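A structural walkthrough
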Amino acid sequence: MSFTFTKRRTAAALTGAAALALVLAGCGGSDDGGTGDGDAGGEAPEKLVLGLVPSQEVDQLVLDADVLGEQLSDELGIPVETNVTADYSALVVAMQSGQADIGMFGPIALVQAADQAGAVPILQSVRYGSESYVTQWFTNDTDRFCLDDVVKKDVDGATMTFCNGTDVDEVSGPVGEDALEEVAQDESIAFVDAGSASGYYYPATQLQQINGFDPVDLSGASFAGGHPNAVQAVADGDATVGTSFNDARAELVEEDPEIGENVTVFAWSGNIPNDGVAVSADLSEEWQQKVSDAFLAVADTEEGLAALDAVYSIEGLVPADLDALDAARQVEANFGEE
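Conventions used here
Residues numbered from 1 in each chain as written. Predicted model: local features only at pLDDT ≥ 70, side-chain atom pairs only at ≥ 80, totals over all residues. Heavy atoms only, no water. Helix = DSSP H or I, 4+ residues; strand = E, 2+ residues; numbered from the N terminus. Buried < 20%, exposed > 50% of the residue type's maximum accessible area, 1.4 Å probe, protein only. Contact = heavy atoms within 4.5 Å. Areas by Shrake-Rupley, 256 points an atom, 1.4 Å probe, with all protein chains shown as cover. Pairing = 2+ DSSP bridges. Axes fitted to C-alpha atoms, helices over the stretch in contact; angles between N-to-C directions. Phe/Tyr/Trp six-rings, centres within 6.5 Å; stacked < 30°, edge-to-face > 60°. Lys NZ or Arg CZ within 6 Å of the ring centre and 35° of its normal. Disulfide = S-S within 2.5 Å. Salt bridge = Lys/Arg side-chain N within 4 Å of Asp/Glu carboxyl O.

Focus: the overall build of the protein
A tally of regular secondary structure across the protein gives 12 helices and 15 strands. Within the protein, the fraction of its 338 residues that count as buried is 52%. Expressed as a percentage of contacts within the protein between residues at least 6 apart in sequence, the contacts between residues at least 24 apart total 78%. Per element, the accessible surface of the protein, about 13,900 Å² overall, is 46% carbon and sulfur.

Here's the deal with the sheet that holds strand β8 (residues 158–162)
Pairing is mixed across the open sheet formed by 7 strands, whose spatial order is β7-β8-β12-β6-β11-β9-β10. Pairing within the sheet leaves two strands with one partner each, and these edge strands are β7 (151–155) and β10 (221–223). Across this sheet, the average inter-strand angle for adjacent strands is 35°, counted without regard to direction. Two strands pair when backbone bridges link them, and β7 and β8 are joined in this way by 5 bridges, in the antiparallel orientation. Its bridge partner being in β8, V155 is matched across the sheet by A158. Sitting on the sheet, helix α7 (residues 197–211) is in contact with β6 (135–139), β9 (189–191), β10, β11 (241–245) and β12 (264–268), with an inclination near 80° to β6. Sitting on the sheet, helix α8 (residues 227–235) is in contact with β6, β9 and β11, with an inclination near 155° to β11.

Notes on the packing of aromatic side chains
Scanning the entire structure with this criterion turns up 5 aromatic pairs. Relative to F223, the ring of Y200 lies with its centre 5.1 Å away and its plane at 85°, an arrangement referred to as edge-to-face. Placement of the pair is Y200 in helix α7 and F223 in strand β10, with a sequence separation of 23 residues. Judged by relative accessible area, which is 26%, F223 ranks as partly exposed. Put simply, the rings of F191, Y200, Y201 and F223 touch in pairs and so form one group of aromatic residues. Sitting above the plane of the F162 ring, K153 keeps its charged end 5.9 Å from the centroid.

Structural notes on unusual backbone geometry
Backbone torsion omega between G173 and P174 reads 5°, so that peptide bond is classified as cis. By the element assignment, P174 lies in the loop between β8 and α6 (177–180). Look at the link from N246 to D247: it is a cis peptide, with omega at -10°. Relative to the assigned elements, D247 resides in the loop between β11 and α9 (259–262). For D156, which is not glycine, the phi dihedral falls at a positive 55°. Its location among the elements puts D156 in the loop between β7 and β8. Notably, N164 is not glycine yet its phi reads approximately 60°, a positive angle. Along the polypeptide, N164 turns up in the loop between β8 and α6. Given the relative accessible area of 11%, N164 is considered buried.

Quick notes on the state of the cysteines
One pass over the full model with this rule turns up 1 disulfide. Through a disulfide, C146 is tied to C163; the S-S separation comes to 2.1 Å. Every disulfide takes its handedness from the sign of the S-S torsion; for C146 and C163 that torsion is -75°, giving left-handed. Residue C146 is found in the loop between α5 (142–145) and β7, and its partner C163 is found in the loop between β8 and α6; the two are separated by 17 residues along the sequence. Comparing C146 with C163 shows no difference in burial state: the two are buried.

Observations concerning the pattern of salt bridges
Where charged atoms from two side chains of opposite charge come close, those side chains can pair. The tally for this structure, following the rule as stated, stands at 9 salt bridges. With a closest N to O distance of 2.9 Å, R329 and D115 form a salt bridge. With a gap of 214 residues between them, R329 in helix α12 (residues 322–333) and D115 in helix α4 (residues 107–117) connect regions that are remote in the sequence. Residue classification places R329 among the partly exposed residues on the basis of a relative accessible area of 24%. Taking the relative accessible area as the measure of exposure, D115 reaches 46% and is therefore partly exposed.

So yeah, pure geometry; function would need other evidence.
Rendered as structure tokens:
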């Protein structure tokens, strides 16, 4: 599927509008949550709406999100409703229109929420002890993209395959970029979605830097709709290469124990700041801080960590790294405006 930036951004906007009409209709954000300008005062909102995007099967995410919402509600003393939008673009629109008070975003979408919706980034996720991660490039054609031997590695009881140096324990990129020179302009690539940092923005930028390709005009590329979906597309032969966060293959092991051998990781991007949490600037500064404190309190309990892990595999939360988000903003700017 060929795509250009204009078509991609327009489609995303339409998707966002449709998703909001269907998913968020009648579920407005806070009624009295702030002064509209982020002042420190303001009465307690009657409720808050937490927006998320699919990272797994949607019905299960809805259930997992409800558990997280209940825990946040217990900390804040007011109802916290949860809504799963179609994608990051829809969630940015939800924040912009006041239909969501809190959003959990990937790094590029977090920047977009701040720049387009005036949202305030407050927290970033921690995984594997790190506040950053990488894009992993994977393939079903190791003869083309593995420039050295394929390495098998046991990862939590599952066999995973790697090449070009991506089998190391310390995840720090870029790695294996020479293999990306083998990617053709019309390569069948399974990206994640138009708002994904590791699933689209960063790897498309790599192809621009290494091969000189226009990152928004890759004629063989398509959007799989989720990180596991991109892995599955390559496993099924619907695409030759794909991108995701590291290591999205683990999410498919239970249903397909051989996924790690059928799909081989062959390259990494540079480091990307982890996803994070943003709040509406319409909430008072007091309530922005209360939301941040509530998330941290949830993350400080066994039950809370289980809920965060179930939703987005989050192992901890730290204050947002605004410098790292500025770097993500530069990657996002590379894609221009409609």
